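# Structural features, examined
The chain contents come next:
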Amino acid sequence: MSDAPTLPGHPHIARRGSTLQVEDVALDALAREHGTPLFVYSKQWMLDALAAYQRGFAGRDALICYAMKANSSLGVLRVFAEAGCGFDIVSGGELARVLAAGAEPAKVIFSGVGKTRAEMRQALAAGIGCFNVESEAELDVLNEVALAQGRRAPVSVRINPNVDPKTHPYISTGLKGNKFGVAHDRAVAVYRHAAALPGLQVVGIDCHIGSQITESSPYLDALDRILDLVQAIEAAGVPLHHIDFGGGLGIDYDGDTPPAADVLWKQLFARLDARGFGDRRILIEPGRSLVGNAGLCVTEVLYTKPGEEKNFCIVDAAMNDLPRPAMYQAFHRIVPVAERPSLPATRYDVVGPVCESGDWLGRDRDLAVEAGDLLAVLSAGAYCMSMASNYNTRARAAEVLVSGANATLIRRRETVEDQLRTEQAL
Ligand code: LLP
């Protein structure tokens, strides 16, 4: 990347001359070519984020399974498949997608509380590496489906360790009140049950405590609780080949300071080593931390609208493209693509065209902008495009993957014809 000054916390986004660029590609040129809203991703950011995990796992027996729900675009999946990653999937659709991107089936693990029989059949036929089973009822159904196919399904049981990840309530998953996993107290009994089912082969144990976690302590607490269980389950005669420690590591949206992946894993391996589990195979399922700050969304200012209580900056991206503010009151930094030093900044709510008051992207932002200007909504690599919808019959945005000076359109903009294709008027 060139020596232009980078945005704080975003080493792959720089301001060169009058425009922002991702790696060596100018955003104004991309917007002219592909229109807006437009997602732009840095391949190097993804590989650097992956490298932090790989450093943390150097010399260990480990598999990084990218949680593809964070961003499941084929071009993004291909980056991780080529880097040798496994994948964490949560639906038959994700399985089909990841196989289309060239993933090795044996490196695919299947999480989620509501797998259907059809999805189980599809995943068994593909030969995935492990089912992360979330209930006793699911164990029984998977056993039945596997026996009917004459196979044994490799399974882990997802344990709910009842640890507070200290994150937004909608994205904490390892508390007693959450729908995920099997209660810690039931774990040994559930493992005995699994081990007795002829269509199953117990291979591991799994947990995932939440998302956008910015401290190490919830992980250390969860690890201790899981290792206690590994000891108890193995004492009950069920050997466990691997420990899957889930994902959840946060990113910097607004000055957040999560531990770096290698620093976190140094701490976790110190605990694993101290307790005699340092040689055990480790799986992880990171999503956001591998893609979140790789991406931004370029959007055009349509109108500025002064109001009695608030001023509005109305842009062409909306809650259907960037659902996180509406869903979790999430913060995304918003910066102009070209700065206007001579224009005084005005305080705006940045909002989209969707007919809902919840359709906002940022509140109380000081911006020097006029209609026609471009803005970049940062930290938009994870849980934006993968959660995008067609609400208000809005077409989903296009996506570009940047590598150095090369920009590849990895998803063309959706058309209204694409949307109407599956429907039938009476
Ligand atoms: N494994 C399992 C079983 C999960 O449920 C999740 C995320 C992950 C791995 C990946 O977690 P990550 O490393 O990305 O934190 N839409 C929300 C986030 C939902 C996370 C759901 N589960 C958001 O935009 O903040």
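Cut-offs applied
Residues numbered from 1 in each chain as written. Predicted model: local features only at pLDDT ≥ 70, side-chain atom pairs only at ≥ 80, totals over all residues. Heavy atoms only, no water. Helix = DSSP H or I, 4+ residues; strand = E, 2+ residues; numbered from the N terminus. Rg over C-alpha atoms; globule rule 2.2 N^0.38 Å. Areas by Shrake-Rupley, 256 points an atom, 1.4 Å probe, with all protein chains shown as cover. Lys, Arg positive; Asp, Glu negative; His and termini not counted. Charge placed at Lys NZ, Arg CZ, Asp CG, Glu CD. Domains from an automatic or database assignment. Contact = heavy atoms within 4.5 Å. Buried area = accessible area lost by both parts, 1.4 Å probe. Salt bridge = Lys/Arg side-chain N within 4 Å of Asp/Glu carboxyl O. Polar contact = N/O pair within 3.5 Å; in protein donor to acceptor, adjacent residues only side chain to side chain. Buried < 20%, exposed > 50% of the residue type's maximum accessible area, 1.4 Å probe, protein only. Near = heavy atom within 4 Å. Nonpolar A, V, L, I, M, F, W, Y, C, P; charged D, E, K, R; others polar.

## Some thoughts on the overall build of the protein chain
When its secondary structure is counted, the protein chain shows 12 helices and 22 strands. The C-alpha atoms of the protein chain give 23 Å as radius of gyration, which agrees with the globular expectation for 426 residues (22 Å, within 12%). Overall, the protein chain is about 70 × 60 × 40 Å in size when its C-alpha atoms are taken along their principal axes. Of the roughly 17,600 Å² of accessible surface on the protein chain, a fraction of 50% belongs to carbon and sulfur atoms. For the protein chain, the separation between the mean place of its 42 positive charges and that of its 51 negative charges on side chains is 4 Å.

## Topic: the domain arrangement of the protein chain
Reports of interface size often rely on the accessible area that becomes lost once the parts have come together. Here the protein chain is described as being made up of domain 1 (6–42 + 292–420) and domain 2 (111–286). Using only C-alpha atoms to locate each centre, domain 1 and domain 2 end up separated by 35 Å. Listed per partner, the contact involves 12 residues of domain 1 and eight residues of domain 2. Here domain 1 packs against domain 2, burying approximately 820 Å² in sum over the two surfaces, 54% of which is carbon and sulfur. In terms of surface lost to domain 2, no three residues of domain 1 exceed Asn 293, Tyr 328 and Phe 331, which account for 48% of the buried area on that side. Across the domain 1-domain 2 interface, the total number found is zero salt bridges. The tally of links between domain 1 and domain 2 comes to two residue pairs in polar contact (both at pLDDT 80 or more).

## Some remarks on the pattern of salt bridges
Tallied over the entire structure, the rule returns 24 salt bridges. With a shortest N-O distance of 3.1 Å, Arg 55 and Asp 262 are connected by a salt bridge. Of this pair, Arg 55 sits in helix 2 (residues 43–56) while Asp 262 is found in helix 9 (residues 261–274), placing the two residues 207 residues apart along the sequence. Between Arg 281 and Asp 61 there is a salt bridge, with its nearest N and O atoms 2.6 Å apart. Here Arg 281, found in strand 14 (residues 281–284), pairs with Asp 61, found in the loop between helix 2 and strand 6 (62–67); they are 220 residues apart in sequence, far enough to count as distant. Of the residues examined, Arg 281 reaches a relative accessible area of 23% and is grouped as partly exposed. With a relative accessible area of 36%, Asp 61 lands in the partly exposed category.

## Focus on the site of the ligand
Neighbouring the ligand are 18 residues; Ser 211, Glu 285, Arg 288, Arg 324 and Tyr 383 lie closest to it. A distance of 2.4 Å is found between an oxygen atom of the ligand and a side-chain nitrogen or oxygen belonging to Ser 211. Within the side chain of Tyr 328, an N or O atom sits 2.8 Å from a nitrogen atom of the ligand. A breakdown of the residues in the shell around the ligand according to their chemical character gives six nonpolar, six polar and six charged.

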